[in-house]
Amino acid sequence: MLRIASRVFNFLLVALLLISLESCKTGKSVAPEPDKKMHTAEIFTENIPVTDISFEMVLIPEGKFTMGSPEGQVNRKADEGPVKDVELDAFYMGKYELGWEVFELFFKQNKELFQTLDADRLNNIDAITRPSPPYEDPSYGMGKVGYPAISMSTYSALVFCKWLSTVTGRFYRLPTEAEWEYAAKAGTNTAYSFGDDVTKLDEYAVYYKNSNNQYAKVGSKLPNPWGLYDMHGNVSEWTLDEYKENAFAVTESKNPWVKPTVIHPRVIKGGSWDDDAKTLRSSARIASSLKLQKRDPQIPKSFWWNTDSNFIGFRLVSPIVQPSKEEQKQFWQTVLDE
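Residues numbered from 1 in each chain as written. Predicted model: local features only at pLDDT ≥ 70, side-chain atom pairs only at ≥ 80, totals over all residues. Heavy atoms only, no water.

Some words on the sheet that holds strand S9 (residues 312-313)
Reasoning step 1: With mixed pairing, the 4 strands of this open sheet are ordered in space as S8-S7-S6-S9. Unpaired on one side and paired on the other, strand S8 (286-287) and S9 mark the two borders of the sheet.
Reasoning step 2: The pairing of strand S6 (residues 236-242) with S9 spans 2 bridges and is parallel. Bridged to Glu 237 within S9 is Gly 313. (Pairing = 2+ DSSP bridges. Helix = DSSP H or I, 4+ residues; strand = E, 2+ residues; numbered from the N terminus.)

Things to note about unusual backbone geometry
Reasoning step 1: Here the amide bond leading from Gly 81 into Pro 82 is cis, since omega sits at 0°, within 30 degrees of zero.
Reasoning step 2: For Pro 82, the position within the fold is in the loop between strand S3 (63-67) and strand S4 (84-88).
Reasoning step 3: With an omega of 5°, the peptide bond between His 264 and Pro 265 qualifies as cis.
Reasoning step 4: Note that Pro 265 resides in the loop between helix H7 (247-250) and strand S7 (266-269).
Reasoning step 5: With a phi close to 55°, Val 50 is a non-glycine residue in the positive phi region.
Reasoning step 6: Assignment of secondary structure puts Val 50 in the loop between strand S1 (43-47) and strand S2 (54-60).
Reasoning step 7: Residue Val 50 is classed as partly exposed on the basis of its relative accessible area of 39%.
Reasoning step 8: Located in the positive-phi region is Ser 151, a residue other than glycine, with phi close to 75°.
Reasoning step 9: Take Ser 151: it is sitting in the loop between helix H3 (119-126) and helix H4 (154-168). (Buried < 20%, exposed > 50% of the residue type's maximum accessible area, 1.4 Å probe, protein only.)

Comments concerning the pairing of S6
Reasoning step 1: With 7 of its 7 residues buried, S6 lies for the most part within the structure.
Reasoning step 2: Pairing of S6 with S7, which is carried by 3 bridges, proceeds in the antiparallel orientation. Counted as the bridge partner of Glu 242 is Arg 266 from S7.

Side note on helix H5 (residues 177-185)
Reasoning step 1: Within H5, 9 of the 9 residues are buried, which leaves it mostly tucked inside the rest of the structure.
Reasoning step 2: Within the sequence span of H5, burial applies to Glu 177, Ala 178, Glu 179, Trp 180, Glu 181, Tyr 182, Ala 183, Ala 184 and Lys 185.
Reasoning step 3: Ala 186 occupies a position one or two residues after H5 and carries a positive phi of about 50°.

What to know about the side chain of Glu 242
Reasoning step 1: Within the secondary structure, Glu 242 sits in strand S6.
Reasoning step 2: Looking at Glu 242, the relative accessible area reads 7%, which means it is buried.
Reasoning step 3: A distance of 2.7 Å separates the side chain of Glu 242 from the side chain of Thr 261, its partner in a polar contact.
Reasoning step 4: If near-sequence neighbours (up to four positions away) are discounted, Glu 242 is found in contact with Val 258, Lys 259, Pro 260, Thr 261, Val 262, Pro 265, Arg 266 and Val 267. (Polar contact = N/O pair within 3.5 Å; in protein donor to acceptor, adjacent residues only side chain to side chain. Contact = heavy atoms within 4.5 Å.)

So, the pattern of salt bridges
Reasoning step 1: A full pass over the atoms with the stated rule returns 14 salt bridges.
Reasoning step 2: Taking the shortest distance from any N to any O, the salt bridge between Glu 104 and Lys 144 comes out at 2.6 Å. On the criterion of sequence distance, the pair formed by Glu 104 in helix H2 (residues 100-107) and Lys 144 in the loop between H3 and H4 is long-range, its members being 40 residues apart.
Reasoning step 3: Note that Glu 181 and Lys 185 form a salt bridge whose closest N and O atoms lie 2.9 Å from each other. Note that Glu 181 and Lys 185 are positioned in helix H5 at a spacing of 4 residues, about one turn of the helix.
Reasoning step 4: Of the residues examined, Lys 185 reaches a relative accessible area of 3% and is grouped as buried.
Reasoning step 5: Sharing partners across several salt bridges, the network here consists of Asp 79, Glu 177 and Arg 285. (Salt bridge = Lys/Arg side-chain N within 4 Å of Asp/Glu carboxyl O.)

Shown next, in the form of structure tokens:
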């Protein structure tokens, strides 16, 4: 019995040695099985000063991609073309959709929390106007701890980004539509980051078919190839761009951005827990409208909250090359009409 075991062991040892030698000859390693591919991502963690709250940002490499969808893609709309070759600088993007834990630091008016910061930073934080109280629970009772923040206007999301930039000392903003789509596709040219097979969507997305009529905790499904979670579904996400049906035909090819001149329409991406599969496609585009405030009885309606957008949140972006103070000032003047 021991003799047989010894022979088996020696046979396996020789086999492994031959595989190793063959690998050395060819200069190639043995390829992993297709369904076990490993995707590595460079991540940094932002710790918000004087709190125990943090969030993760994933490096999105500079590169080129085809923006929009080909004419043959199922459920394609005309505003998703003509397809456009786009080049983007590198940036960091939120690994998850922004959660309530971070957003509530901003809108709950808890200035006293940051009293230990240096005087200049504290003064700049205090100078930022905070949201008025929402007309009703902005989470609609669907959950807060671990869940994505929702129901804010683009203005509110952008003022939050200015506040966060001031608190942390690192520049944060919303992604442009091009940045969002580039990160969502993650090197693919299919309808979804996992391919065209819609039957796989349950593994990657919270949407109408499986959501039980509410959003889920962030990261509850599989990530895309670049390590980003919920790029398809859970909540739709604001971008920096004003919506134009013919945007791809009129924007630049390098770092395109349709700068906003109106409150609506803005581009929303990704689809949500309340959307069908077709709206979750990487290239699908949604235009915001005044209907998002339909049930707000206030006159004038809130600049901060949208009573009818319990399916919209956002995700943070931070450029690798940080803009100068003057460039940041100009940016906030542009997007917040300061």
